Amino acid sequence: MSETDDKLAYEALIQFLYRTPIGLLQAAPDGHIDLMNPMAAQLLMPLVAEAALDDLYTVFAGVAPQLRGAVDAFAAPSGVIAEGLRIDVPDQGGGAKVLSLSVMKLDAQRLMATLSDVTVDTRREHDRLVHRLTAAARTDPLTQMPNRGAVLEELQAILVRGKRRPAGQGFAVLFMNCDRFRQVNDMLGQSAGDELLVLVADRIRTVLRPPTDRIGGVQRSGQLAARVGGDEFVVVLDGLRRVEDAESVAGRLIAAIGRGYHVAGHEIVCNVSIGIAWGDGLEPDELLRDAGIAMLEAKQAGGARYVRFAAAMRERAARRNDIETDLRLALQEDQLYVEYQPVVALHADGSTDRAAGVEALVRWRHPQRGIVPPFEFIGIAEECGLIGAVGDFVLEQACRDFVRWRAELGGRAPRLLAVNLSRAQLTEGSWAGTVARILEETGMAASMLQLEVTESLAAQDADVQQRLHELKALGITLALDDFGTGYSSLASLHLLPVDTVKIDRSFVSQSETSHHHRVLIEATVKVAQSLGMNTVAEGIETVAQADVVRGLQCDKGQGYLYSRPLGSPALSDWLMR
Ligand code: C2E
Ligand code: MG
Ligand code: MG
């Protein structure tokens, strides 16, 4: 290589160092800057203001004061002292900048520093992070569905879009709550509950397909499915023509979600109740509230159904709220008490035995409302988790009264105490233990206690059956209440662990006039007899009804004809009469 060639190569190198968009500088370990390219000067200028660019440590004193210490501490003969240090350069007119600084030790005499402007990268990364964080803030971590915040945003967006919407189009909010979800959590544990929620979310997505492309969780077709609370989901449907379109989606959701699940080795059923609010002129949170109110109505009506919101429901919801608040107080202030309705044995000769049994029925003496009947508060107590306390109170009080009658009335005392049981009481793992304790404390004989369960409860999954068998193991008997109104038929009676079938009042009241109802009673009695179960006719109000059910060989009867539910002293009088 000639000298000229060398010179050219050197020139080229200098040009390269000069023009590179990376700041390069060389300094002595004491900080004195020996060489620097124009890019370095440009990047460092804002850091030094009026001062000179001749000392590395002075230049970085304000933004990377640790630099000198790092250099001094670096004992190795050469190597990387610092890499990618973030230097925030304050705004000097051209906007704030972010630099990345790396410092290398070349040898004992020389340090080399590189500087690059990473402002744009940093901003981009920041944007990405913000985006990720906002997406996370709008996403439910369990199901990866949008959350409540996202729903409110979407509704707000729909309202804005709505101003430009073609006439005759609207949107709907579907508020869904899983029926008896608490039971799954209580019986199978929280993680099984979580697993179920993920599966439910999948079913919801399946129903809302085909829209495949999603933007930030929002499906482009104007459908949004979100999880807004424990077992609560919301679907927003935009661009609908009529509320009936929302109802048809609700129907499909109910069918899809209601198909069985396999969770934690169990087959479980999870239905949903859906409230539908049609979006007209309301704010997002008002829409969600109305849909939620309609959902509660769907639940009250038995669940696994949808209900369209109507304004009258607001008042009922407020009342329900009041009742919940007041019921908590009622439990503390002893406003609840128990009445007893006699159950008489029906003899073939037309006579009755008054001492066959009593059914305990809870009452609430409300300081302002007066006597509140159970149908107004049992359902609410079940929903808000108060039923356990109510049920335990009734059981304990009834056992005490019953034991006292046994002691005081001799042969005229009732021989059986029937107490109603709510399904929610069975989800408490230890309830059989509570019953055993109450029997023990009150001195009540297990064989004289009968718990009444409804068809829908008794027919439920294996776990419920297991709980019922635990109760029976205590020596208690079970009765199937309101038979004929639920969904289990005569054909499945043999599957239920019950000893007594109580034929619902609606059959008894029509037994005189309707041949059909008479036949149903007769069939029920026959099937029950063949299974070794006895029968009670509920709600007998007239002598004619009593004659019909006796003729059909019902074992026992209960109803206003014999007596209305009575307080304990009045019942004693009735028994002694
Ligand atoms: P149920 O267990 O079927 O109780 C019978 C209901 O029918 C009682 O209503 C009783 O007063 C009423 N009844 C009895 N005979 C006649 C009659 O001849 N004609 C008419 N029209 N009605 C009659 P009540 O006391 O209002 O209770 C309603 C329901 O509330 C009960 O139905 C039961 O399901 C529930 N319930 C009552 N007490 C309790 C309780 O302590 N715990 C639970 N979980 N549920 C309860
Ligand atoms: Mg009952
Ligand atoms: Mg009944």
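The structure this text deals with has already been given above.
If you're wondering where the values come from, they're calculated on a predicted model, not measured in any experiment.

*Asks:* I would appreciate a short explanation of the coordination of the magnesium ion (ligand 3) in the present structure.
*Replies:* Six octahedral donors around a metal ideally make angles of 90 or 180 degrees; four tetrahedral donors ideally make 109.5 degrees. Surrounding the magnesium ion (ligand 3) are the protein donor atoms Asp-481 (OD), Asp-482 (OD), Glu-538 (OE) and Glu-538 (OE), at 2.0 to 2.7 Å. Site description for the magnesium ion (ligand 3): donor spacing in sequence, D-D-x55-E. Between the magnesium ion (ligand 3) and the magnesium ion (ligand 2) the interatomic distance amounts to 4.0 Å, and Asp-481 serves as a bridging ligand to the pair. In this structure Asp-481 comes out as buried when scored by relative accessible area, which is 6%.

*Asks:* Is there a simple way to think about the nonpolar core in this case?
*Replies:* As a rule of thumb, nonpolar side chains are buried together in soluble globular proteins. Within the largest apolar cluster, 109 residues are counted, with the highest numbers of intra-cluster contacts made by Leu-174, Ile-204, Leu-417 and Leu-449. Tallying contributions element by element places helix α13 (residues 387-409) first for this core, with nine residues. Filtering out sequence-adjacent residues up to four positions away, Leu-174 remains in contact with Phe-233, Val-234, Val-235, Leu-237, Ala-246, Val-249, Ala-250, Leu-253, Ile-274, Gly-275 and Ile-276. Core analysis: the next-biggest nonpolar cluster, separate from the first, contains 24 residues, Ile-33, Ala-64, Leu-67 and Leu-111 among them.

*Asks:* Explanation requested: the state of the cysteines in the structure shown.
*Replies:* Here, disulfide denotes a covalent bond that connects the sulfur atoms of two cysteines. Considering all chains together, one arrives at zero disulfides under this definition. Counting only cysteine sulfurs, Cys-270 is the nearest neighbor of Cys-178, a cysteine outside any disulfide, at a range of 3.8 Å. Assessed through its relative accessible area of 1%, Cys-178 is described here as buried.

*Asks:* Which parts of the structure should I look at to understand the pattern of salt bridges?
*Replies:* What the rule picks out here adds up to 30 salt bridges. With its nearest N and O atoms 4.0 Å apart, the salt bridge here joins Arg-161 to Glu-154. Since its relative accessible area comes to 37%, Arg-161 is described here as partly exposed. According to the relative accessible area criterion, Glu-154 is buried, its value standing at 9%. Through salt bridges that share partners, Glu-154, Arg-161 and Asp-238 make up one connected network.

*Asks:* I'm lost on the side chain of Glu-297 in this one. Help?
*Replies:* With respect to the helices and strands, Glu-297 occurs in helix α10 (residues 284-300). Residue class for Glu-297 comes out buried when judged on its relative accessible area of 14%. Here Arg-316 takes part through its side chain, which lies 2.8 Å from a polar atom of the side chain of Glu-297. In this view, Glu-297 contacts Val-307, Met-313, Arg-316 and Arg-320; residues no more than four positions away in its chain are not counted.

*Asks:* Would you take a moment to explain the site of ligand 1 for this structure?
*Replies:* Close to ligand 1 lie 21 residues, the nearest being Glu-359, Asn-420, Asp-481, Glu-541 and Tyr-560. Here a nitrogen atom of ligand 1 and a backbone polar atom of Val-362 are 3.1 Å apart. At 2.9 Å from an oxygen atom of ligand 1 is found a side-chain nitrogen or oxygen belonging to Arg-363. Listed by contribution, the elements that provide at least two residues to the shell around ligand 1 are β16 (352-366), α12 (374-383) and β20 (477-483). A total of four residues in the shell around ligand 1 trace back to one element, the largest contributor, which is β16. Considered class by class, the residues forming the shell around ligand 1 number eight nonpolar, five polar and eight charged.

*Asks:* I'm lost on the coordination of the magnesium ion (ligand 2) in this one. Help?
*Replies:* Within the protein, the atoms that donate to the magnesium ion (ligand 2) are Glu-359 (OE), Asn-420 (OD1), Glu-452 (OE) and Asp-481 (OD), at distances of 2.0 to 2.2 Å. Of note, the donors binding the magnesium ion (ligand 2) are all from one chain and are spaced E-x60-N-x31-E-x28-D.

*Asks:* Can you walk me through the packing of α10 against helix α11 (residues 312-332) in this structure?
*Replies:* For any two helices packed against each other, the geometry comes down to the angle between their axes and how far apart the axes lie. Across the interface, α10 lies against α11 with an axial gap of 10 Å and an inter-helix angle of 75 degrees. What the angle tells us is that α10 and α11 run roughly perpendicular. Counting all contacts with α10, which are made through Arg-289, Asp-290, Ile-293, Ala-294, Leu-296, Glu-297 and Gln-300, the residues of α11 involved are Met-313, Arg-314, Arg-316, Ala-317 and Arg-320. Of the residues assigned to the contact of α10 with α11, the class counts are five nonpolar, one polar and six charged.

*Asks:* Could you clarify how one ought to interpret empty space enclosed by the protein in this entry?
*Replies:* The method is simple in principle: a probe with the dimensions of a water molecule rolls over the atoms, and the space it marks as empty is what remains. Within this structure, the stated rule accounts for two cavities of 30 Å³ or more. By volume, the largest cavity is sized at about 90 Å³. If you go around the largest cavity, you meet 14 residues; those closest to its centre are Val-343, Leu-416, Ala-418, Gln-450 and Val-536. Of all elements in the fold, only β16, β19 (449-454) and β21 (500-503) reach the threshold of two or more residues within the lining of the largest cavity. Its residues assigned to classes, the lining of the largest cavity comprises six nonpolar, four polar and four charged.

Conventions we followed
- Residues numbered from 1 in each chain as written.
- Chains lettered and ligands numbered in written order.
- Predicted model: local features only at pLDDT ≥ 70, side-chain atom pairs only at ≥ 80, totals over all residues.
- Heavy atoms only, no water.
- Donors = N, O, S within 2.8 Å, 3.2 Å for Na, K, Ca; no water.
- Buried < 20%, exposed > 50% of the residue type's maximum accessible area, 1.4 Å probe, protein only.
- Core = buried A, V, L, I, M, F, W, Y, C linked by side-chain atoms within 4.5 Å.
- Helix = DSSP H or I, 4+ residues; strand = E, 2+ residues; numbered from the N terminus.
- Contact = heavy atoms within 4.5 Å.
- Disulfide = S-S within 2.5 Å.
- Salt bridge = Lys/Arg side-chain N within 4 Å of Asp/Glu carboxyl O.
- Polar contact = N/O pair within 3.5 Å; in protein donor to acceptor, adjacent residues only side chain to side chain.
- Near = heavy atom within 4 Å.
- Nonpolar A, V, L, I, M, F, W, Y, C, P; charged D, E, K, R; others polar.
- Axes fitted to C-alpha atoms, helices over the stretch in contact; angles between N-to-C directions.
- Parallel < 35°, antiparallel > 145°, perpendicular 65-115°, else oblique.
- 1 Å grid on protein atoms, 1.4 Å probe; cavity = no way out; pocket = protein on both sides within 12 Å on 5 of 7 lines; lining within 4 Å.
- Points joined across faces, edges and corners; volume = space filled by probe spheres on them.

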